[in-house]
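Given next are the chains, with one letter for each unit.
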Amino acid sequence: MPNKLKTRLENIVEISRQALLQLEIQVKNTITSNDENILTDNQSINEVQYQLNSQQLLKLLAKRQSLISQLFENYTQKKLSVELTMINEMVALDEQLTSLSQNNKQALAAQVTKLKKSSKVRNLYNKY
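Residues numbered from 1 in each chain as written. Predicted model: local features only at pLDDT ≥ 70, side-chain atom pairs only at ≥ 80, totals over all residues. Heavy atoms only, no water.

Visitor: So what about the overall build of the protein? Which residues, and what values?
Guide: Tallying secondary structure elements over the protein gives 4 helices and 0 strands in all. Scanning the protein from its N terminus toward the C terminus, one meets helices and strands in the order α-α-α-α. Within the protein, contacts between residues separated by at least 24 positions form 92% of all contacts whose residues are at least 6 apart in sequence. Surface exposure of the protein reaches about 9,600 Å², of which carbon and sulfur atoms provide 55%. (Helix = DSSP H or I, 4+ residues; strand = E, 2+ residues; numbered from the N terminus. Contact = heavy atoms within 4.5 Å. Areas by Shrake-Rupley, 256 points an atom, 1.4 Å probe, with all protein chains shown as cover.)

Visitor: Go over the environment of leucine 57, please, and point to the residues and values.
Guide: For leucine 57, the location among the structural elements is in helix α2 (residues 43-74). Distance from leucine 57 to glutamine 26, taken between C-alpha atoms, is 9.1 Å for residues 31 residues apart in sequence. Leave out the neighbours within four places in its chain, and leucine 57 touches Ala19, Gln22, Leu23 and Gln26.

Visitor: I'd like a description of the nonpolar core, backed by residues and values.
Guide: Note that soluble globular proteins tend to have their nonpolar side chains buried in a common cluster. Grouped together as the largest cluster of nonpolar side chains are 21 residues, with contacts concentrated most on Leu5, Leu9, Leu23, Leu71, Leu80 and Met90. Of all the secondary-structure elements, those providing two or more residues to this core are α1 (4-35), α2 and α4 (84-127). Counting residues per element, this core draws most heavily on α1, at 9 residues. Once you skip the residues sitting within four places of it in the chain, leucine 23 turns out to touch Leu57, Leu97, Leu100, Ser101 and Asn104. (Core = buried A, V, L, I, M, F, W, Y, C linked by side-chain atoms within 4.5 Å. Buried < 20%, exposed > 50% of the residue type's maximum accessible area, 1.4 Å probe, protein only.)

Visitor: Can you break down the environment of threonine 98 residue by residue, with the values?
Guide: Turning to its location among the elements, threonine 98 is positioned in helix α4. Separated by 78 residues in the primary sequence, threonine 98 and leucine 20 place their C-alpha atoms 9.5 Å from one another.

Visitor: Break down the pattern of salt bridges for me, citing the residues and quoting the values.
Guide: Summed over the entire model, instances satisfying the criterion amount to 2 salt bridges. One salt bridge in this structure joins arginine 64 and aspartate 94, with 3.1 Å as the shortest N-O distance. On the criterion of sequence distance, the pair formed by arginine 64 in helix α2 and aspartate 94 in helix α4 is long-range, its members being 30 residues apart. Here arginine 64 falls in the buried class, since its relative accessible area comes to 7%. Judged by relative accessible area, aspartate 94 falls into the partly exposed class, the value being 34%. (Salt bridge = Lys/Arg side-chain N within 4 Å of Asp/Glu carboxyl O.)

Visitor: Can you break down the side chain of glutamate 83 residue by residue, with the values?
Guide: Looking at the element boundaries, glutamate 83 is found in the loop between α3 (77-81) and α4. No salt bridge is formed by the buried glutamate 83; its nearest oppositely charged neighbour, lysine 6, is found at 4.9 Å. Setting aside chain neighbours within four positions, we find glutamate 83 in contact with Asn3, Leu5, Lys6 and Leu9. (Lys, Arg positive; Asp, Glu negative; His and termini not counted.)

Shown next, in the form of C-alpha cells:
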C-alpha cells in the first residue's frame, strides 16, 4: 500500500511546479509587453492569452492551497516530519512562487505607470 502522505506531498509539489511554470510565463509576458513600445494588432490576442494564463494559475493555486490545508489538518507534526525532504521541497517551491509573484507585481506596476504616462502625454498632445 503506497504511503498516502508521500502521495499527497508529491501532488502538492507537482501542482506547485505547474503553478511556477504558469507564473514564469505570465511574468515573462508582462515584462515583454512592458519592453514593447509599439501597440500591435496582437495586443488583444495577448490580453486574452494573459487572462487564460491567469485563470489557469488561479485554479492551480486554489487547488494547491486546498491540498496544503488538508495536509496539515489530517497529519500531525510527527507524521509530517517523516517526509521532511518533501516538505522542504514544497517550502522551496513556495518561496519561488512568492518571489515570482513579487516580480510579476512589480512588472504590472511598471506597466500601469507606463500606461498612465502615455495617456498623460496623449492628453497634452490633444490639447494642441
